[in-house]
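Residues per chain are reported as follows:
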Amino acid sequence: FYSFRQGIVLFVCLDVEASLFGAGSPQQEWLVRTLAGSDAAWKIVFFHEPPFSSDHSNVLVRLLLSPVFERYGVDVVLSGHAHLYERTYPIRMYASSGPGIVYLTEGGGGAVLSTIERIPESAFAEARFSYVLADVDGGRLTFQAYGLDGAVFDGIALEKAIAPTAERPAPQTSRGRPRTGVSKERQ
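Just so it is clear, the structure is predicted and the values come from calculations on it, not from any experiment. (Residues numbered from 1 in each chain as written. Predicted model: local features only at pLDDT ≥ 70, side-chain atom pairs only at ≥ 80, totals over all residues. Heavy atoms only, no water.)

1. Here we look at the overall build of the chain
Here is step 1 of the chain: In terms of regular secondary structure, the chain is built from three helices and 13 strands.
Here is step 2 of the chain: Counting every position in the chain, which comprises 187 residues, the buried fraction comes to 47%.
Here is step 3 of the chain: Sequence-distant contacts, at least 24 apart, represent 64% of the contacts inside the chain between residues at least 6 apart.
Here is step 4 of the chain: Put simply, the chain shows about 9600 Å² of open surface, and 53% of that area lies on carbon and sulfur atoms. (Helix = DSSP H or I, 4+ residues; strand = E, 2+ residues; numbered from the N terminus. Buried < 20%, exposed > 50% of the residue type's maximum accessible area, 1.4 Å probe, protein only. Contact = heavy atoms within 4.5 Å. Areas by Shrake-Rupley, 256 points an atom, 1.4 Å probe, with all protein chains shown as cover.)

2. Re the packing of aromatic side chains
Here is step 1 of the chain: A full pass over the atoms with the stated rule returns nine aromatic pairs.
Here is step 2 of the chain: In textbook terms, an aromatic cluster arises when at least three aromatic residues are bridged by ring pairs, as seen for Tyr85, Phe124 and Phe153.
Here is step 3 of the chain: Sitting over the face of the ring of Phe153, Arg128 holds its NZ or CZ atom 3.9 Å from the ring centroid. (Phe/Tyr/Trp six-rings, centres within 6.5 Å; stacked < 30°, edge-to-face > 60°. Lys NZ or Arg CZ within 6 Å of the ring centre and 35° of its normal.)

3. Notes on the packing of helix α1 (residues 26-36) against helix α2 (residues 59-71)
Here is step 1 of the chain: The N-to-C vectors of α1 and α2 enclose an angle of 15°; their axes lie 10 Å apart at closest approach. Our classification of the angle between α1 and α2 gives roughly parallel. As for the relative orientation of α1 and α2, their crossing is right-handed in sense. Facing Gln28, Leu31, Val32 and Leu35 of α1, the residues of α2 in contact are Leu64, Leu65, Val68 and Phe69.
Here is step 2 of the chain: Taken together, the residues of the contact of α1 with α2 break down into seven nonpolar, one polar and no charged. (Axes fitted to C-alpha atoms, helices over the stretch in contact; angles between N-to-C directions. Parallel < 35°, antiparallel > 145°, perpendicular 65-115°, else oblique. Left-handed = near helix turned anticlockwise from the far one by under 90°. Nonpolar A, V, L, I, M, F, W, Y, C, P; charged D, E, K, R; others polar.)

4. What to know about the nonpolar core
Here is step 1 of the chain: Leu14, Leu31 and Phe69 are the most contacted members of the largest nonpolar core, which has 23 residues in total.
Here is step 2 of the chain: Every element with two or more residues in this core is listed here: β2 (9-13), α1 and α2.
Here is step 3 of the chain: Tallying contributions element by element places α2 first for this core, with four residues.
Here is step 4 of the chain: Excluding residues within four positions of it along the chain, Leu31 makes contact with Val12, Leu14, Leu65, Val68 and Phe69.
Here is step 5 of the chain: If you look at the next biggest cluster of nonpolar residues, it comprises 17 residues, including Ile8, Ala41, Tyr85 and Phe153. (Core = buried A, V, L, I, M, F, W, Y, C linked by side-chain atoms within 4.5 Å.)

5. With respect to the pairing of strand β9 (residues 140-147)
Here is step 1 of the chain: For β9, the buried fraction is high: six of the eight residues fall into the buried class.
Here is step 2 of the chain: As defined by bridge partners, strand β8 (residues 130-137) adjoins β9 across eight bridges and the pair is classed as antiparallel. Along β9, the bridge assignment pairs Leu133 with Gln144.
Here is step 3 of the chain: Counted between consecutive antiparallel strands, the loop separating β8 from β9 contains two residues, among which Gly138 sits at a positive phi close to 60°. (Pairing = 2+ DSSP bridges.)

6. Observations concerning the environment of Ala145
Here is step 1 of the chain: Note on placement: Ala145 falls in strand β9.
Here is step 2 of the chain: On a C-alpha basis, the gap between Ala145 and Ala134 in space is 8.9 Å, while along the polypeptide they are 11 residues apart.
Here is step 3 of the chain: For Ala145, the residues in contact, after removing those within four places along its chain, are Tyr85, Tyr131, Val132, Ala151, Val152, Phe153 and Asp154.

By themselves, these observations are geometric and do not establish any function.
Now the structure itself:
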């Protein structure tokens, strides 16, 4: 598990396959410190198995990590594993206020496609070969899903007001070294 910052976006990669991630685990303690300590305008978390999926949801990930994501302002959670494309409605299950989190699964990279049993949280689900491109423009974060023909078949735009200083963050230091461009912090 690790994180890096690109501009105004914090990317956090978790290991939900081979590392403990429940309360009190080193990974969850690191996750809380990383999310709580970030002033990034956008927070995106990614890992393998989706917590919400019309193919196979990892309910343990949902129960143990989604409350942390909600508490610390994660905007989008990206996953794979299920061989389909799926985007949820913004979901907030554990905290009473704040915006919901969009869970996006892009698993249409080439294996046999999944069978879909659509879940209520799903805004769009389709078993098809695809890829997703994302773009950040200040307070606007967009994701567009493309089919093999290059045509957009789904997309979402998230918007929020951000402080002008968040658009050009000052260099941060990690372990005594200045950060420039893409930086990484590993645990």
